[in-house]
Amino acid sequence: RLYLSWNCLGNGGAKAAMESLARALKAECSLVHLDLSYNSLRAEDCVVLAGGLRDNHTLVGLHLVGNSASVDADGFVIARDVGSASGMRPASVPAELLAQGDDACMPPRLITTEEKGAIRACFNSIDIDGSGTLEPEELETALNALGLQTTTEEATALIAKSHDSAKDCLDLEEFVALMESLMLQERAQEWEKNRLERLSMERDRSLLEARTSCWICESWQAVEITYVGEAHAVWALTSLDDYQKATPLQQEFGKWSCIRMMPPDQVCVVLQVDNNIRLVDGLQSATLKKPIEMRLRQAEGMAVAATAIVPVSEVSVLYLGSKKRGDDDDGGDSCKCIEGQPSVPKRAVVISDPDNPGGFCVKPRITETEFRARKQKATWVFEKSIFAAWKFEGTKLYANACGLDWQHGKVAKFLKEQEEQDEAAEACGAHYGPFIRLFRRCAANGSDGVTPGVSMITCAELLSSAGVIDEQYCRLADVDTMFIAARVREKGADKRPFAVKVADTLLRFQFMEFLLRVALARFLKTKEVASIAEAVRRLFRSFEETVSPLADNLQTFLKDLHTEACDNILRENEQMLGVVYRLNSGRWSKPAEERLMCCKEFEAVLIGIDCFNDAFPARDVRYVFSMGLQLYPDELYNLDFAQMTFLEFLHGIGAVAHLRREPGPLAERLGRLVVGLAAWSKVGGLLKSLKR
């Protein structure tokens, strides 16, 4: 690397200096970064430098701000006359910096075909009555689901603005047009805001910190563009130079390809294949607001085109703004970043590498103004995280839940003395934590996915695996009898209808009664123990091999999920996740009921993103659903325990990432799962555009 900025080279002897530098650049050299900023080099001096760079393939970073030349998107030096419209006026350096900051802002992003598909998918999911139109109430629901708080009056006004007729509803095409206009308006506002912020920052920035076209400092990426097919010649044209320069693709092993350096932003690409303009396979496409006229190139052996100028209105879109170097983008194999490139910050500076004497490294570039603008990062605390409202299980919650379960049981039918009943209640309360782990695991195996409950087969398998079954007092036939007895609702009991659907399974309070009956029959009746409390203790000791891994798994999951890294991922994607949750909740809710997510709806989301693997098979959906739920004392007259709130949905997604057992910390696995959710929902890009 070589720094020659602010050396007044243009004041005298510039031509000789540039000739020496050009000779060095023509030869084999290891120079990768050259800074010639603010030397007042004349156009003729820069022409000499350009000649030396023409055959150089090692230099990837060049600064020419403050001279009568610029660097184009292909890395070539373009000399210009001082005082010309495009040149720098020596007496107005700050104005040049402001102009650079303005030009560096890419135009507002176009609407891609994937985003248009997301709009159509949103229409179909919100058109509840299947009429093919959206009334104001449905439009209000759609906009609110997409994170845009809208009233019925505002939705009515939007419909009125969308067409001149007297219709009070929107069909599909009108809805698409409305959403596209909102997106373009939002992107234009965001673009203008970013432009003004950048200009404001440039005014306070040191001249040495001006934005340049240096590929290293501005984090440009090498992107390979390919075309597979028969052709005489293929060229790539990009929005970087307004589609005016064509980069020829070279044919090798049946594939045409070229490599272009591109900035970390949206870049539009088209291919000229012989005399036809084509899109790049695998990339999203977008329609230009105004068609451009493109001049067709000619090559030896090609037929002469009927017309030399053709209009182009549709282009392929490549967005590198959130990609790290070396990552594959959405273009698959047709347009991808070159592997092996180091990841660099979006704004960087090249400095000496302290770990490699004589080498260099790339570090984040930040000015004093930017440093002052950044707030001191606060220490992460759970109470201010997205998980803050989570209710942890504990002694008080266990006591409330156990007390309600005990009230609905029929213990008085087989324990006549009050003293015995009190002893049994105390014993069950002491083991309520392990009981909940056991119930949820068994209910996940035997329920129908609507009401958590334990089936007779699951009960028999549990007792057999724990060694509780014997040939005298606790036979399989006795287990069946105790199961039926626990499931029967006592006559004269509270006759309020349960909110849950009663099936041929044991609800939570019934499962507790069933286990108490088993403990008494297996350990107290056989006189292996002398008290009810000891019988219950012996029973749960038999379940330790089953319960301990479940408790440890839940504790590990919550510990790994409730971290700053996972909190950041969920907060960054909270709006998108909220849309996924709202659009997949409440399908079976009654009118006026809160729209919550049931197990079947959660399962549909997991199937949609195809998240199952060997460690997390599809049969574990009900178990992972239960891992995301909090403990509710009332599981009879309130359905909250069987449906997910948004917070519980986030925990359910985290539990999926946990149970998949992929390598790496939970935050990384959760991040990959969230990316899959955004792609499946087809609203990730739409929400970003509509965000206010």
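Everything in this summary refers to the structure shown in the same document.

1. Description of the pattern of salt bridges
Next up, step 1: Evaluated as defined, the whole model comprises 16 salt bridges.
Next up, step 2: Its salt-bridge partner being Arg522, residue Asp470 comes within 3.8 Å of it at the nearest N-O pair. With Asp470 in the loop between α12 (456-465) and α13 (476-487) and Arg522 in helix α14 (residues 508-524), this residue pair connects regions lying 52 residues apart in the sequence.
Next up, step 3: Looking at Asp470, the relative accessible area reads 16%, which means it is buried.

2. Side note on the sheet that holds strand β3 (residues 61-63)
Next up, step 1: The 3 strands lie next to each other as β1-β2-β3, forming an open sheet whose pairing is parallel. The strands lining the two open edges of the sheet, one partner per strand, are β1 (2-3) and β3.
Next up, step 2: Relative to strand β2 (residues 33-35), β1 is paired through 2 bridges, and the arrangement is parallel. Paired with Leu2 across the strands is Leu34, a residue of β2.

3. Quick word on the side chain of His431
Next up, step 1: As for its placement among the helices and strands, His431 is situated in the loop between α10 (418-430) and α11 (432-446).
Next up, step 2: Exposure remark for His431: the relative accessible area of 17% places this residue in the buried category.
Next up, step 3: With near-sequence residues (within four places) excluded, His431 lies in contact with Val536, Arg537 and Phe540.

4. Description of the pairing of strand β13 (residues 266-273)
Next up, step 1: Across the 8 residues that make up β13, a large majority, 8, are buried.
Next up, step 2: Residues Gln266, Cys268, Val270 and Gln272 of β13 are buried on one face, and the alternating residues Val267, Val269, Leu271 and Val273, pointing to the opposite face, are buried as well.
Next up, step 3: Sheet analysis places strand β9 (residues 234-238) next to β13, joined by 5 bridges and oriented antiparallel. Residue pairing for β13: Trp235 is matched across the bridge by Gln272.
Next up, step 4: Sheet topology places β13 next to strand β16 (residues 309-319); 4 bridges connect them, and they run antiparallel. Within the sheet, the bridge partner assigned to Val269 lies in β16 and is Ser316.
Next up, step 5: Direction of pairing for β13 relative to strand β14 (residues 276-278): antiparallel, over a ladder of 3 bridges. The residue bridging Gln272 from the neighbouring strand is Ile277, located in β14.

5. A closer look at the nonpolar core
Across soluble globular proteins, nonpolar side chains have a tendency to be buried as a group.
Next up, step 1: If you look at the biggest cluster of nonpolar residues, it comprises 48 residues, and the most contacted ones within it are Phe435, Phe511, Phe514, Leu515, Leu516 and Phe543.
Next up, step 2: Contributing elements (two or more residues each) for this core: α9 (395-408), α10, α11, α12, α13, α14 and α15 (532-542).
Next up, step 3: For this core, the leading source of residues is α14, giving 10 residues.
Next up, step 4: Residues in contact with Leu515, not counting those within four places in the same chain, are Phe435, Leu438, Leu539, Phe540 and Phe543.

6. What about the packing of α10 against α15?
Next up, step 1: Contact geometry for α10 and α15: axes closest at 8 Å, N-to-C directions at 30°. Judged by the inter-axis angle, α10 sits roughly parallel to α15. Helix-helix and strand crossings are classified by hand; for α10 and α15 the assignment is right-handed. Every residue of α15 that contacts α10 at Glu420, Glu423, Ala424 and Ala427 is listed here: Ile532, Ala533 and Val536.
Next up, step 2: Its residues assigned to classes, the contact of α10 with α15 shows 5 nonpolar, no polar and 2 charged.

7. Topic: the environment of Gly676
Next up, step 1: By the element assignment, Gly676 lies in helix α22 (residues 666-681).
Next up, step 2: Linking Gly676 and Cys611, residues 65 residues apart in sequence, is a C-alpha distance of 8.6 Å.

8. Regarding unusual backbone geometry
Next up, step 1: The backbone phi angle of Asp242 is positive, close to 60°, even though this residue is not glycine.
Next up, step 2: Among the structural elements, Asp242 can be located in the loop between β9 and β10 (246-248).
Next up, step 3: The phi torsion at Asp274 lies on the positive side, around 55°, for a residue other than glycine.
Next up, step 4: Mapped onto the secondary structure, Asp274 falls in the loop between β13 and β14.

9. Re a negative patch on the surface
Next up, step 1: Together, Glu417, Glu419, Glu420, Asp422 and Glu426 make up a negatively charged patch on the protein surface.
Next up, step 2: Topologically, Asp422 is positioned in helix α10.
Next up, step 3: Using a relative accessible area of 42% as the deciding quantity, one classes Asp422 as partly exposed.

10. A few points about the state of the cysteines
Next up, step 1: Overall, the coordinates contain 0 disulfides when judged by the stated rule.
Next up, step 2: Sulfur of Cys442: no disulfide; nearest cysteine sulfur belongs to Cys459 and is 6.9 Å away.
Next up, step 3: Judged by relative accessible area, which is 5%, Cys442 ranks as buried.

11. Some remarks on the packing of aromatic side chains
Next up, step 1: By the definition in use, this model includes 17 aromatic pairs.
Next up, step 2: Where Phe382 meets Phe392, the ring centres are 5.5 Å apart and the plane angle is 50°; that geometry is what we call tilted. Residue Phe382 is located in the loop between α8 (368-373) and α9, and its partner Phe392 is located in the loop between α8 and α9; the two are separated by 10 residues in the primary sequence.
Next up, step 3: For Phe392, a relative accessible area of 45% translates into the label partly exposed.
Next up, step 4: Put simply, the rings of Tyr398, Tyr432, Phe435, Phe439, Phe483, Phe511 and Phe514 touch in pairs and so form one group of aromatic residues.
Next up, step 5: The ring centre of Tyr623 lies 4.0 Å from the NZ or CZ of Arg441, which sits over that ring.

Rules behind the numbers
- Along each chain, residue indices are assigned from 1 in the same order as the chain's sequence is written.
- pLDDT decides what is reported in this predicted model: residues at 70 or higher carry local features, side-chain atom pairs at 80 or more are listed and counted, and totals for whole chains, interfaces and linings draw on all residues regardless.
- To obtain the side-chain values, all non-hydrogen atoms of the structure were included, while hydrogens and water were left out.
- Salt-bridge detection follows one rule: a side-chain nitrogen of Lys or Arg within 4 Å of a carboxyl oxygen of Asp or Glu.
- For helices the rule is a DSSP run of H or I covering at least 4 residues; for strands it is a run of E covering at least 2, with both sets numbered from the N terminus onward.
- Under the scheme applied here, a residue whose accessible area is under 20% of the maximum for its type counts as buried, over 50% as exposed, and between as partly exposed, the area being computed with a 1.4 Å probe on protein chains only.
- We treat two strands as partners when DSSP finds at least two bridges between them.
- We call two residues contacting when some pair of their heavy atoms lies within 4.5 Å.
- In these notes, a set of buried Ala, Val, Leu, Ile, Met, Phe, Trp, Tyr and Cys residues joined through side-chain atoms within 4.5 Å is what counts as a nonpolar core.
- Each axis is a line fitted through C-alpha atoms, and for a helix only the stretch in contact is used; angles between axes span 0 to 180 degrees, taken between their N-to-C directions.
- For classification, angles of less than 35 degrees are called roughly parallel, those exceeding 145 degrees roughly antiparallel, those between 65 and 115 degrees roughly perpendicular, and all remaining angles oblique.
- Put simply, a crossing is left-handed when the front helix is turned counterclockwise from the back one by less than a right angle, and right-handed when it is turned clockwise.
- Under this grouping Gly is polar, as are all residues other than the nonpolar Ala, Val, Leu, Ile, Met, Phe, Trp, Tyr, Cys and Pro and the charged Asp, Glu, Lys and Arg.
- Patch definition: residues above 30% relative accessible area lacking any salt bridge, with like charges linked at up to 9 Å and the nonpolar side chains Val, Leu, Ile, Met, Phe, Trp and Tyr linked at up to 5 Å.
- Exposure was quantified through the Shrake-Rupley algorithm and a 1.4 Å probe, taking into account, for residues, occlusion by the shown protein chains and nothing else.
- In this count, Lys and Arg are taken as positive residues and Asp and Glu as negative ones, while His and the chain termini are left out.
- By convention, the point assigned to a charge is CZ for Arg, NZ for Lys, CD for Glu and CG for Asp.
- When two cysteine sulfur atoms lie within 2.5 Å, the pair is treated as a disulfide.
- Any Phe, Tyr or Trp ring, taking Trp's six-membered ring, that has another such ring centre within 6.5 Å forms a pair; planes under 30 degrees apart are called stacked, those over 60 apart edge-to-face, and the others tilted.
- When the NZ atom of lysine or the CZ atom of arginine is within 6 Å of a ring's centre and also within 35 degrees of its normal, the charge is said to sit over that ring.

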